[in-house]
Amino acid sequence: MTADGDPVLELLPMVFAAPSEALAGAREVLDGDPTPFQASVAHHVIGIWQRDFGDLRLALKHLRRARDLAVRAESADREADVLGTLGVALVHAGRTRQGLAAFERGIARGSGQTRARVLFRRAYVWWVLGRHQEALDDVRRAIPVLRQTDDVIWTARALTLRATVHLALGAVDRADADFTAAERLWETTGQEHDKADAVESRGLAAFRSGDIPVALRLLDEAEEMYAKLTTPTFMLTIRRCEVLLSAGLAAEALAQADTAVGLLDGIGGQSTRKAELLLVAARAARLADDAPTAIARAAVAVRLFAAQRRTWWQTHAQLVLIEARLAAGRASGRLVADAAAVAGRLAAFGSPSAPEAALLAGRIALALGWTADAERHLAVAARSRRAGPPLARMTGWAAQALRAEAAGSGRGVLEACRRGLDVLDDHRTTLGASELRARATAQGAELAALAQRASLDSGGPRRLLAWSERWRATALSTPPARPPADPVLLSGLTAFREIAARAEEARMEGHPVPALEREQRRLEREIRSRTLHMRGDAPGEGERFDPTRLLERLGDGRLVELAVVDGRVHALLCGQGRVRRFAAGLLAEAMAEAEHVQAGLRRLAHPGAEARLPVVEAAGRRLEELLLGEAAGHLGSGPVVVVPPGRLHRVPWALLPSLRERVFSVSPSAGSWLRALDTRPPPGGRHVLVRGPGLATGGAEVPDLAGRYGRPTVLEHDDAEVPRVLAELDGATLAHIAAHGTFRADSPLFSSLGMADGPLIVHDFERLARSPYRIILSSCDTARLASVGADELLGLVTALLPLGTAGVVASSAPVNDAAVVPLMLALHKGLSTGLSLAEALRDARAALPGDAVHQATGWAFTAFGAA
């Protein structure tokens, strides 16, 4: 048998079909008495495995040994094949010059099919180095030869690589065609690792085209495939982080990238991958407003890319470094020049990031007052507004808006902002998960700020109101998408509740629960991942906010929308057919005061803190000055709706003197309030009362309420399990839930209410066909929300409002369980006489005893919506 037909060669394709078996087979060959040719193949297999899945230093050792043995075997093609692999390994180790020299020799030594495979590998390295035209040239030379020799595996690899290069150049359609062709070929092979890579690459293509849910689904599928092969997935981590960043999940991306860097260092892995991970970590830190970390990660990435001679990557890392330095307050003429130079190099590379760099240069120049330089750079960036993926078009419209602002054209600013936010809306409506929709708004923050500033300067209060509404609560405008019967999601939710309940029981008994907590976190990741895959409805115009309609529907009431422009709060008072603006205080001061009030309410929830009552009341007066200013004296005598920005969700509004004794409610937006006002109660008039376990009072109000409502559905003890509770809540007219509330600041959609079988979480509520028309949550912290994106909120209350709930009563602070009982009984007394939630809550507060504990309890509860 000739060397070329030696069975040992079958180990090479096995490396990416069954990596562990290939490694074991190679070691078995070396343990025998191999010929130089056979030993070369075995060392080659081990070298590939170590290069991609293990220690790069060991990889180089084995590949050099494989090369030397190929020379001894006097096989030119064997030597060329090893040199191709060695070239890749050397480049990944940061030894770019040596790697390219290995390719030159490999191409010279090889012929036919082998030479085509070496060309493919060099094309891959050109892609790694960011030299995309050279990559396309080599892969185009390789593909015809590979096809002629019926080399299915390497043809599929070459098509996948060419698609990836097309993506880097922004040619999504060409990439998609190549990915599709490659996938058809992979289906005919047993190359499981390559198949996983193909799925991963399709995920990248979906991301580049703006389809984040599909991208996340495909990346998760690829991860499952890699897990079966027990191979590391550093490239997958990089791509997942890119998708997370585009979805506004910067902190999560930073954590994943940093973890991967640690793992890579631990196994002595590829230097090239480390540099790429550091780059994505730097971008994540910048978007998470952590400028020092972004600067540190980006600076190391720049140095590594420079040492690896990867100019394309180095330039992208320099862009992130400049952005981080600007965020740290280091604007300078030097930074303008650096950003302009980076923009020029990126444009020469054909990088989709070039407009972003030009926008950055223009923004810094504007900050320095260099209007002529700013106009030049912004004009370049603005060219991207007409075509390309959503984020590139938004970059272009932001540049156009800045140009108009510099030219003093308020109309031009508003038109550019309108067009840019329309792009964001179309992109956002493809996202099914409420979390993604909320976080995606961060990408339009600059456009919204520019529009609000232009409206404040020249448009009058009504225009400022319209732009404030244009921007806020977009995630709440429609219900989140959800599969009607996703068995995997349902199974995950059931397992999560069981584990969470076991962990809570063990904690109460004083037992450590690290294993249960790990399993709970794993299940949370699976549930969240499943919900992020869901796509939204097709883009549409939607219902635009109309100030005239709002003023008509207010009647004798007032609506106060708080807009924040350049850090200052402006109270927009709507009523009596007009919109008036009152300048108030600084947002930062109001947020700090709100936190002080929260601390005071926490103390007042316990007897013996009466001395704090005057302090908390004084803080309420200061909050009113900061938030309402002179508008507080013009609220009239009718009901009031307060529409605060997301960052003020911690304010206990009942503590403000002008609101304390009046009927008022809170809404995430004026549009959300109008939708709630138009919501009709479901037929049947069903009332549902739920008592969860472990309350200090045992939910003492529930038995009394059961007698008030005739024959309500009462769920308590073992009946208060999540499936039964959800079934009864669906379409109810009124639901009262007395259960422990837990707010999760780290993951707000896992905020929960404690049921008999475990937590009822926000994801559960999102599965309802229609949530209760009115819902009362009588326990602590049930109205706590997380501010995400630009001005969005996530939590229990905001999950209910888009699902058919017109009104919610919940608390934004810890409360005294015993004091809650008389408040709830008085609240329901008012409801039974036909009052709204806001009216009944006002009367219930007034009926409470005058001691500090009861007063603080009344202030902690708020009515949301319009029912």
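Only a predicted model underlies this, so the values are computations on that prediction, with no experimental measurement involved.

So, the nonpolar core
- V125, W127 and L161 are the most contacted members of the largest nonpolar core, which has 89 residues in total.
- In terms of residue count, helix α7 (residues 112–128) provides more of this core than any other element does, 10 residues in total.
- The next biggest cluster of nonpolar side chains, apart from the first, holds 88 residues, and it includes A619, L627, V640 and L848.

Regarding unusual backbone geometry
- Even without being glycine, D289 reaches a positive phi, approximately 60°.
- For D289, the position within the fold is in the loop between α15 (271–287) and α16 (291–307).
- One non-glycine residue with positive phi stands out, namely Q576, at about 55°.
- Along the chain, the position of Q576 falls in the loop between β2 (568–575) and β3 (578–586).

Points about helix α4 (residues 56–72)
- With 17 residues, α4 ought to run about 24 Å at 1.5 Å a step, and its terminal C-alpha atoms sit 24 Å apart, in line with that.
- If you check which residues of α4 are buried, you get L56, A59, L60, H62, L63, A66, L69 and A70.
- On its buried face, α4 is in contact with α3 (36–53), α5 (76–92) and α15.
- Where α4 begins, one side-chain oxygen reaches toward the backbone nitrogen of R57, 2.8 Å away; that side chain belongs to D55.

Description of the sheet that holds strand β11 (residues 758–761)
- The three strands lie next to each other as β9-β10-β11, forming an open sheet whose pairing is antiparallel. In the strand order of this sheet, the two ends are held by β9 (741–742) and β11, each with one partner.
- Direction of pairing for β9 relative to strand β10 (residues 752–755): antiparallel, over a ladder of two bridges. Note that in β10 the partner of T742 across the bridge is S752.

Topic: the pattern of salt bridges
- If you walk through the whole model with that rule in mind, you get 44 salt bridges.
- R121 serves as the salt-bridge partner of D81, at 2.8 Å between the closest nitrogen and oxygen. One end of the pair, D81, is in helix α5; the other, R121, is in helix α7, with 40 residues separating them in the sequence. Per residue, the accessibility class of D81 equals that of R121, and both read buried.
- In this structure, R334 engages D338 in a salt bridge whose closest nitrogen and oxygen atoms are separated by 3.2 Å. Taken together, the residues R334 and D338, both in helix α18 (residues 333–349) and four residues apart, mark about one turn of the helix.

Details of the pairing of β3
- Pairing between β2 and β3: seven bridges, direction antiparallel. What sits directly across from L573, in β3, is R580.
- Here β2 hands over to β3 after two residues, with Q576 in that stretch at a positive phi of 55°.

A short note on the packing of aromatic side chains
- Per the stated rule, a full pass over the model turns up four aromatic pairs.
- Taking 5.9 Å as the distance between ring centres and 45° as the angle between the ring planes, the aromatic pair formed by Y124 and W127 counts as tilted. Residue Y124 and its partner W127 are located together in helix α7, separated by three residues, close to a single helical turn.
- When the centroid spacing of 5.8 Å and the interplanar angle of 25° are considered together, the rings of F305 and W313 count as stacked. When sorted by exposure, F305 lands in the same class as W313, which is buried.
- Of the aromatic side chains, those joined through ring pairs into one cluster are F305, W312 and W313.
- Directly above the ring of F37 sits R78, whose terminal nitrogen or CZ lies 5.9 Å from the centroid.
- A cation over a ring is seen here: R385 above W397, with NZ or CZ 5.4 Å from the ring centre.

Thoughts on the packing of helix α13 (residues 234–246) against α15
- With their axes 10 Å apart at the nearest point, α13 and α15 run at an angle of 20° to one another. By the criterion of interaxial angle, the relationship of α13 to α15 is roughly parallel. Seen along the crossing, α13 lies across α15 with a hand that is left-handed. Along the contact surface, α13 presents F234, M235, T237, I238, C241, E242 and L245, while α15 presents R273, E276, L277, V280, R283, A284 and L287.
- By residue class, the composition of the contact of α13 with α15 is nine nonpolar, one polar and four charged.

Observations regarding helix α2 (residues 19–31)
- For α2, built from 13 residues, the straight-helix expectation of 18 Å at 1.5 Å per residue is met to within 8% by its first-to-last C-alpha distance of 19 Å.
- Those residues of α2 hidden inside the fold are in contact with α1 (11–14), α3 and α12 (212–229).

Cut-offs used in this document
Residues numbered from 1 in each chain as written. Predicted model: local features only at pLDDT ≥ 70, side-chain atom pairs only at ≥ 80, totals over all residues. Heavy atoms only, no water. Core = buried A, V, L, I, M, F, W, Y, C linked by side-chain atoms within 4.5 Å. Buried < 20%, exposed > 50% of the residue type's maximum accessible area, 1.4 Å probe, protein only. Helix = DSSP H or I, 4+ residues; strand = E, 2+ residues; numbered from the N terminus. Expected span 1.5 Å × (residues − 1). Contact = heavy atoms within 4.5 Å. Polar contact = N/O pair within 3.5 Å; in protein donor to acceptor, adjacent residues only side chain to side chain. Pairing = 2+ DSSP bridges. Salt bridge = Lys/Arg side-chain N within 4 Å of Asp/Glu carboxyl O. Phe/Tyr/Trp six-rings, centres within 6.5 Å; stacked < 30°, edge-to-face > 60°. Lys NZ or Arg CZ within 6 Å of the ring centre and 35° of its normal. Axes fitted to C-alpha atoms, helices over the stretch in contact; angles between N-to-C directions. Parallel < 35°, antiparallel > 145°, perpendicular 65-115°, else oblique. Left-handed = near helix turned anticlockwise from the far one by under 90°. Nonpolar A, V, L, I, M, F, W, Y, C, P; charged D, E, K, R; others polar.

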